[in-house]
Amino acid sequence: MTSRANQGTLGTFTGVFTPSILTILGIILFLRLGFVVGSGGLRNALAMIGLATAVSLLTSISLSAVATNIEVRGGGDYYLISRTLGVEFGGAIGIVLYLAQSVSVAFYAVGFGEAVAGMAGWTWSLAPQAIAAVAVLGLFFFAWAGADVASRFQYVVMALLVAALTSFYLGAIGGYDAGLARSAMGPAPDALGFWAVFAIFFPAVTGFTQGVSMSGDLRQPGKSLPRGTFAAVGLSTVVYVSVAVLMAGNASQADLVGDGRVMRSIAGWGLLIDIGVVAATLSSAMASFLGAPRILQSLAADRVFPVLRPFAAGHGPANNPRRGVVLSLGIALATVALGNLNVIAPVVSMFFLISYGLLNYATYYEARSQSPSFRPRFRFFSRRASLAGSIACLGAMLAINPAAGAGAVAVMYLIYRYLERRDDDERWIDASRGHYFQRAKESIRAMTGEVDHPRNWRPQILAFSADPERRARLLRFASWLEGNSGLTAVAQIIAGEGALKRRERQRLHQELERQVEELGVDAHVLSVLAPDPLEALPVVVQSFGIGPMAANTVVFGLPSTGDEARNASYVMALRSVSRLGVNVAAVSSDEARWEAMAAASGRKPLIDVWWTDDHTGNLSLLMAYLATRTERWARARIRLVVATPEGADPAAEAPALREMLEEARIPATVVAAAGSGTEGLVAASSGAALVMVPMVLKGTSLLEAHGRTDLFAVADRLPLVAAVMAGQELDLTAGPESGPLAEAAAAEERLAAARDRLRSLERSAAQAARDRDRLVEAAVDDPSLQGEVEVAEARVAEAADRVLRGRGRVEAARAAYEAARAAHQD
């Protein structure tokens with residue numbers, strides 16, 4: 001990287017403001033602004049200036065935030081983007097920005113050649129190119145001499161530009177006609193559309209970050225970059241707005257559209273406008289000639305592209321990148337020789353827009369991460385404004401030239417992918433970790449508020465092993481069980497305490513990290529120091545993770561020794577973990593079993609699941625399926641091996657199991673083992689590569705669930721064994737409308753129906769009471785109605801009884817709903 005020992009010498013005015021303002025007040029101001037005002041009308045022209053200024057202002061705010069948050073070194077936009085978004089984004093934008101600025105030297109030089117040829121009246125078709133080539137060679141000597149010498153040339157250009165503008169203002173103010181300006185407010189007849197005219201104008205403002213490329217030559221880049229850029233954007237906006245208004249009041253729309261040199265006819269002394277055009281093109285070319293080699297030098301110093309390393313060398317105390325200057329000279333001369341630049345020009349503009357968009361996004365990216373290290377001295381920024389700037393740049397690309405924008409994005413993407421796939425060692429720290437941390441925090445918070453449902457179950461595995469050789473196999477197996485859908489962590493518990501043991505823990509932790517990296521498995525690492533590992537084990541399991549990201553499956557290696565005391569201690573460890581409500585798996589991790597697994601694999605290896613109709617059976621089947629999602633077991637076939645009691649029909653259970661597999665959407669075949677004991681199951685799975693065996697704990701024994709035989713002995717007779725015991729409910733057929741949440745919804749619907757029914761009963765009871773009251777009143781005058789009154793009384797009593805029963809049903813439904821809600825929340 002560029003060393004700060006090569007301290008810059010340029011200040012804000014010379015290093016930032018001057019190259020930026022000279023590039024913005026370029027050839028479009030002198031030769032194209034009249035067309036923009038005449039074709040689009042003054043109102044639309046001011047809107048275009050405002051829109052372009054908004055992009056510039058938002059990007060300047062983002063630039064100021066990033067530039068005042070880190071120590072800015074050489075490389076400009078490349079340096080800022082690479083130190084925030086990473087080497088992939090930085091490298092991609094850096095190389096295309098270098099090429100874009102080198103080609104821009106030729107664009108501006110050709111513009112200079114056309115202006116000089118036009119003023120001289122030369123009609124030779126190659127005259128502009130010849131003049132441009134001479135101009136490029138002349139500018140080369142200034143760039144070769146260094147930024148200090150080139151800056152003195154820029155002072156001369158600045159003086160000529162000020163003289164040209166002064167000449168225009170003197171002539172335009174005296175001849176201003178307000179009525180003429182009012183008549184030019186709307187678009188001209190048969191004018192181009194708004195966005196077509198905007199595409200012509202927008203390149204005028206793409207030079208406002210030219211000063212950023214000089215960051216390595218600045219004395220105080222953190223202060224100079226924001227000050228100089230804001231000053232350039234502010235002053236240039238005033239110039240463009242005032243010139244547009246004065247043009248509208250000094251010339252008709254027809255003249256503005258048809259005469260590209262209308263500014264000359266308005267000015268007090270037209271020759272100064274011609275000189276201004278020359279000055280504007282040369283200054284823009286000079287700024288690009290100074291900026292491009294410095295981007296290349298920073299890229300080379302960062303070793304982003306190995307082939308560019310020779311260009312890291314600088315000359316003299318200012319570290320002037322002369323090798324990059326020579327390469328830029330070659331690119332510029334080659335571009336001048338092409339003659340027709342219309343094909344390349346739009347893509348170059350898109351590269352600049354992409355760099356502005358990425359600069360905005362880089363600021364949003366870091367501010368969005370809420371990193372404590374993001375403390376810019378520039379306080380007047382907003383991450384929303386930076387995001388708006390990034391979106392505005394994208395919108396401008398689509399509005400100006402969608403095809404060129406797509407081409408530029410494609411080039412950027414290809415370079416990004418190349419750098420991403422190369423996977424070199426990191427040479428600096430960007431903001432990615434903070435961004436990922438913030439996303440993880442927000443995701444965990446969002447997960448905490450969601451319902452824990454079997455449909456969303458994922459394996460969150462915590463594997464324990466102390467033996468490095470067995471641990472490697474255990475991690476391989478854990479990655480298979482995860483099936484690219486969960487997460488895996490490997491833990492080791494180191495027995496002991498004290499300073500020496502703490503240092504040992506640190507050493508073992510680093511060794512474990514190296515082992516995980518060498519294995520190429522996606523696993524997190526945890527090392528714990530404890531006086532008693534057996535007592536620490538359940539504590540580690542309970543404390544691992546955060547929020548919903550906690551272990552739900554614990555994996556151990558299955559001992560291969562016949563030491564009964566050791567086996568008993570192992571069973572105690574399994575029991576202490578299983579009581580925590582997590583799933584437990586014990587896996588063969590000795591070399592012999594893995595060699596047997598490899599021998600039995602073949603082209604389409606078998607994974608056998610010894611079926612039990614419970615949660616352990618569901619877990620074993622799901623683990624087998626998840627293993628087939630990995631490359632190692634992608635071609636494997638799953639078999640559901642079913643024990644058959646004596647005298648029972650071996651095919652009796654098959655239809656129900658096939659239906660269950662269909663509902664679970666797991667491709668597997670059903671195989672009946674001879675007999676209900678372990679012998680038949682072992683015989684059926686003799687050719688399998690991996691066998692999922694249900695296990696149970698009894699006292700200090702570890703048993704196979706079917707025949708209740710010693711699991712250690714069973715494992716010795718099979719290839720690779722995974723003994724499984726579920727500690728959680730697992731429903732393989734769970735759908736969106738199942739479980740406690742669905743029950744709560746159904747209970748709510750029943751409560752609503754009971755309430756509707758009660759209201760209907762209350763209305764019927766009220767109507768019955770009204771009918772009875774009318775009959776009672778009528779019976780006073782007609783005693784013969786007394787019988788009907790008695791019938792009405794009975795109806796009222798019956799309606800009241802139904803209302804009471806309805807209220808009871810409502811209370812029962814409410815109680816059921818509250819219970820279902822409580823179960824759902826639990």
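All values derive from a computational prediction rather than experimental measurement.

(A) Fine view of helix α1 (residues 12–24). Spanning 13 residues, α1 covers 17 Å between terminal C-alpha atoms, matching the ideal 18 Å at 1.5 Å per step. Listed in full, the buried residues belonging to α1 are Thr14, Gly15, Val16, Phe17, Thr18, Pro19, Ser20, Ile21, Leu22, Thr23 and Ile24. As for α1, its buried residues are in contact with α5 (87–120), α7 (147–174), α10 (221–248) and α13 (270–301).

(B) Spatial organisation of unusual backbone geometry. One non-glycine residue, Arg303, lies in positive phi territory at about 60°. For Arg303, the position within the fold is in the loop between α13 and α14 (322–338). Even without a glycine there, the phi angle at Asn484 is positive, about 60°.

(C) Structural detail: the environment of Arg303. The partly exposed category is assigned to Arg303, whose relative accessible area is 44%. Spatially, the C-alpha atom of Arg303 lies 42 Å from that of Val197, the residues being 106 residues apart in sequence.

(D) Region of interest: the pattern of salt bridges. Under the counting rule described, the total for this entry stands at 17 salt bridges. We note a salt bridge from Glu511 to Arg507, for which the minimum N-O separation is 3.0 Å. One end of the pair is Glu511 and the other is Arg507, both in helix α20 (residues 499–519) and 4 residues apart, which spans about a single turn. Its relative accessible area of 33% is what places Glu511 among the partly exposed residues. We note a salt bridge from Arg772 to Asp773, for which the minimum N-O separation is 3.2 Å. Looking at Asp773, the relative accessible area reads 37%, which means it is partly exposed. Look at the salt bridges and you will find they share partners, linking Arg261, Arg264 and Asp274 into a network.

(E) Quick look at a negative patch on the surface. A cluster of acidic residues, Asp467, Glu469, Glu591 and Glu595, forms a negative patch on the protein surface. Locating Glu469 in the fold gives a position in helix α19 (residues 468–482).

Cut-offs used in this document
- Residues numbered from 1 in each chain as written.
- Predicted model: local features only at pLDDT ≥ 70, side-chain atom pairs only at ≥ 80, totals over all residues.
- Heavy atoms only, no water.
- Helix = DSSP H or I, 4+ residues; strand = E, 2+ residues; numbered from the N terminus.
- Expected span 1.5 Å × (residues − 1).
- Buried < 20%, exposed > 50% of the residue type's maximum accessible area, 1.4 Å probe, protein only.
- Contact = heavy atoms within 4.5 Å.
- Salt bridge = Lys/Arg side-chain N within 4 Å of Asp/Glu carboxyl O.
- Patch = residues over 30% accessible without salt bridge, like charges linked within 9 Å, V, L, I, M, F, W, Y side chains within 5 Å.
- Areas by Shrake-Rupley, 256 points an atom, 1.4 Å probe, with all protein chains shown as cover.
- Lys, Arg positive; Asp, Glu negative; His and termini not counted.
- Charge placed at Lys NZ, Arg CZ, Asp CG, Glu CD.

All quantities given are derived from atomic positions and should not be read as evidence of function.
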